[in-house]
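Listed here are the chains, written in short residue letters.
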Amino acid sequence: MRNQIAKVGVLFALLPLWAAVAQADPLLDDADWLRTMAFAAHETNYSGVFVYQAGGRVETSRITHVVDEHGEHERLQGLDGQRREVIRNNDQVWLQLGDKKVHFEQQRPRRAFPALLPEQIQSLKENYNVIQQEEDRVADYHAHTLLLQPKDTLRYTRKMWAHSESGLLLKAAVLDERGKVIEQYAFTQLQIGGEIECKWAVPSAEDAARLARRKHLSPLPNNNLANVSSGWQVDGVPPGFKKILEMSRNMRDKKFPVVHIVYSDGLAALSVFVERATDADGYSAGLKSQGAVHIYSRLSGDHLVTVVGELPPRAVIQVADSVRYAGDKDE
Amino acid sequence: MKREISVLMDGEMFEDEADVLLDKLKRHPEADRDWAAYHLIGDALRQPEHVTSDFMAAFHERLQNEPVILAPRRRQQQRIKQYALSAAASVMALALVAWLSMQVGQEPPPQMASVQEPNMVRPVAFHASDYLMAHQEFSPSADMQGAATYIHSVAAK
């Protein structure tokens, strides 16, 4: 409880204006809602059960998020079927599927605050109509509803239900241009603040040992986040998408660094990965999907191009088909 | 025929008569509706709380929505195929296979480009989670959703 009070204190100290507006929420502007939601996702302690539905499948997961003096910790546990779990401690992520456990190192240290930059909000408003809709109730919490309607058919519509007090996202749906739900998730039970069990947030001895071994081998390549030109050209990016960064990064089980170019329209992101294709890679070309996220791979000469995005399949394919090598312009 | 169906369902028909009727039903698909309707009536009389009038329609829809596995050709498999053939076939056949594989090329089959419906697409495989994880680090919507975004990496296959 004291922690919660401290948190609220921090919120007020950091954002006097904003927090004041949050109290008088009918006046809250759309962009403020988006910023509040991004802030709440990182700064709120919560634990609950949510239902995820995509492509005719429904599943339940437990989600826990805790912020303490060591940073941000979150855990997602699948409650149906085989064991599925993700644990994130700041920039370290463990993914467990069945007996297989994989460790990821996030390239971008989470930005502390604000989570959404002003230019992102601006670009979002250029590409989507942001409409505040009727107030609603989700998991017994009062919620404000925000509809983000794209101005073309190359991106999805999103509807978001945010907790009226904290801004925490309680429910979210992704819809196609005909209004069909592509995926949605909603909390069915949720505790915001208070005592939250977080023993899992301490890495296991095994994980800690693995980290200690790895740390000196692969420091976070923050310097790679600078704009580098890989010579790869992507012409088919839908209008409104701007390049956020281009880098060369190491990925698990890959012998050679992978070029990663990220585009965003302020809400959806588009990643283009280009890597040297070797016979041993066991890659598979074609389209795969998980809810609203689509992955499309294809070979371009000796290289494998993979595009990932929360965009309709045709947009993802269009982007992948347009990737070509234009040579080192800098040289 | 409706009366006969009703008699058959009530178990009041002789075996040879039943055979004749079942044959008839096979030849007249439109009688399926009567068959289903009589069963529905029977079900409704016995346990009205479990009645589903559109079972076939629902089943048909679910079948339509089953993911279609679009397994693209892999380079390696192609090569194995070539070796197998070269062992058995003449030099001419080998040349033909080589020519054909050049024509086919390394591109994914063209039907990929026309795939529009997300539910017709293969679920994400394990190694795809590497790309997903890398992608999520920079997605603004992931920023707003927090840990819920990881559902894409761990959702049941």
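Residues numbered from 1 in each chain as written. Chains lettered and ligands numbered in written order. Predicted model: local features only at pLDDT ≥ 70, side-chain atom pairs only at ≥ 80, totals over all residues.

Enquirer: How do you make sense of the overall build of chain A when you look at a structure like this?
Expert: A tally of regular secondary structure across chain A gives six helices and 19 strands. A buried classification covers 38% of the 331 residues belonging to chain A. Residue pairs at least 24 apart in sequence account for 48% of intrachain contacts in chain A once pairs closer than 6 positions are excluded. (Helix = DSSP H or I, 4+ residues; strand = E, 2+ residues; numbered from the N terminus. Buried ≥ 20, exposed ≤ 12 C-beta atoms within 10 Å, placed from the backbone. Contact = placed C-beta atoms within 7 Å.)

Enquirer: Looking at this structure, how should I read the nonpolar core?
Expert: General note: in soluble globular proteins, nonpolar side chains tend to be found buried as a group. Residue and element names in this part refer to chain A. Among the nonpolar cores identified, the biggest contains 83 residues, and Met37, Ala162, Leu169, Leu270, Val272, Val307 and Val319 are the most heavily contacted of them. Tallying contributions element by element places helix α3 (residues 30-43) first for this core, with seven residues. Not counting chain neighbours up to four residues away, the residues in contact with Leu270 comprise Val237, Phe241, Tyr263, Val307, Gly309, Leu311 and Val319. (Core = buried A, V, L, I, M, F, W, Y, C linked by C-beta atoms within 7 Å.)

Enquirer: Would you take a moment to explain the pairing of strand β7 (residues 128-138) of chain A for this structure?
Expert: Side-chain positions along a regular strand alternate between the two faces of the sheet. Residue and element names in this part refer to chain A. Note that β7 and strand β8 (residues 141-150) share nine bridges and pair antiparallel. Within the sheet, the bridge partner assigned to Ile131 lies in β8 and is Leu147. Here β7 hands over to β8 after two residues, with Ala139 in that stretch at a positive phi of 50°. (Pairing = 2+ DSSP bridges.)

Enquirer: Help me understand the confidence of the model for chain B, please; the structure alone is not making it clear to me.
Expert: The predicted structure's coordinates, where accompanied by low pLDDT, should not be read in detail. All names here are of chain B. In this model, chain B carries a mean pLDDT of 66, and residues with pLDDT of at least 70 account for 53%. Mean pLDDT across the secondary structure elements of chain B bottoms out at strand β1 (residues 122-123), with 42, and peaks at helix α7 (residues 128-136), with 86. Both scores are available for the predicted complex, with the pTM at 0.66 and the ipTM at 0.82. (pLDDT = per-residue confidence, 0-100.)

Enquirer: Explain the sheet that holds strand β10 (residues 169-175) of chain A here, please?
Expert: Strand-to-strand pairing in sheets goes through backbone hydrogen bonds, with the strands running parallel or antiparallel. All names here are of chain A. The strand order across the open sheet formed by eleven strands is β6-β5-β4-β3-β2-β1-β11-β10-β9-β8-β7, and the pairing between neighbours is antiparallel. The sheet is open, and its two borders are formed by β6 (100-105) and β7, each paired with just one other strand. Each strand of the sheet is rotated relative to its neighbour by a mean of 15°, with strand direction disregarded. (Axes fitted to C-alpha atoms, helices over the stretch in contact; angles between N-to-C directions.)

Enquirer: What is the right way to read α3 of chain A from this model?
Expert: For an α-helix, 3.6 residues make a turn, and residues three or four places apart therefore share a direction. Taking 1.5 Å per residue as the helical rise, α3 of chain A with its 14 residues ought to reach 20 Å, and the 20 Å between its terminal C-alpha atoms agrees with that figure. Considered for burial, the residues of α3 of chain A that qualify are Trp33, Leu34, Arg35, Thr36, Met37, Ala38, Phe39, Ala40, Ala41 and Glu43 of chain A. (Expected span 1.5 Å × (residues − 1).)

Enquirer: What is the right way to read the environment of Lys101 of chain A from this model?
Expert: Residues and elements named next belong to chain A. Residue position: Lys101 is located in strand β6. The exposure class of Lys101 is partly exposed, given the 15 C-beta atoms found within 10 Å. Taking the C-alpha atoms as reference points, Lys101 and Val86, 15 residues apart in sequence, are found 9.5 Å from one another. The contact partners of Lys101, leaving out residues within four places of it in the chain, are Trp94 and Gln96.

Enquirer: So what exactly am I meant to see when it comes to the environment of Pro239 of chain A here?
Expert: Along the polypeptide, Pro239 of chain A turns up in the loop between β12 (232-234) and β13 (242-249). Looking at Pro239 of chain A, the number of C-beta atoms within 10 Å reads 10, which means it is exposed.

Enquirer: Quick question: what am I supposed to make of the confidence of the model for chain A here?
Expert: All names here are of chain A. Mean pLDDT over chain A: 82, with 81% of residues reaching 70 or higher. Overall, residues 8-26 carries pLDDT values under 50, and its contacts beyond four positions in sequence, including any with other chains, amount to ten contacts. Between residues 216-224, whose pLDDT stays under 50, and residues either more than four places distant or in other chains, the model counts eleven contacts.

Enquirer: I would appreciate a short explanation of the packing of helix α1 (residues 2-9) of chain B against helix α3 (residues 31-46) of chain B in the present structure.
Expert: The relative placement of two packed helices is expressed as an angle between their axes plus a distance between the axes. Residues and elements named next belong to chain B. Running from N to C, α1 and α3 cross one another at 50°; their axes reach a closest spacing of 10 Å. The angle between α1 and α3 falls in the class oblique. Seen from above, α1 lies across α3 with right-handed handedness. On the side of α1, the interface is formed by Lys2, Ile5, Ser6 and Met9, while α3 contributes Asp34, Trp35, Tyr38 and Gly42. Its residues assigned to classes, the contact of α1 with α3 comprises four nonpolar, two polar and two charged. (Parallel < 35°, antiparallel > 145°, perpendicular 65-115°, else oblique. Left-handed = near helix turned anticlockwise from the far one by under 90°. Nonpolar A, V, L, I, M, F, W, Y, C, P; charged D, E, K, R; others polar.)

Enquirer: Explain α7 of chain B here, please?
Expert: In terms of burial, α7 of chain B is a largely internal element, nine of the nine residues being buried. Ala128, Ser129, Asp130, Tyr131, Leu132, Met133, Ala134, His135 and Gln136 of chain B are the residues of α7 of chain B that are buried.

Enquirer: For this particular structure, what's the right way to read the environment of Phe256 of chain A?
Expert: Residue and element names in this part refer to chain A. Within the secondary structure layout, Phe256 lies in the loop between β13 and β14 (258-264). Classification of Phe256 as exposed rests on a count of 12 C-beta atoms within 10 Å. Between the alpha carbons of Phe256 and Glu275 there is a distance of 7.3 Å; along the sequence they are 19 residues apart.

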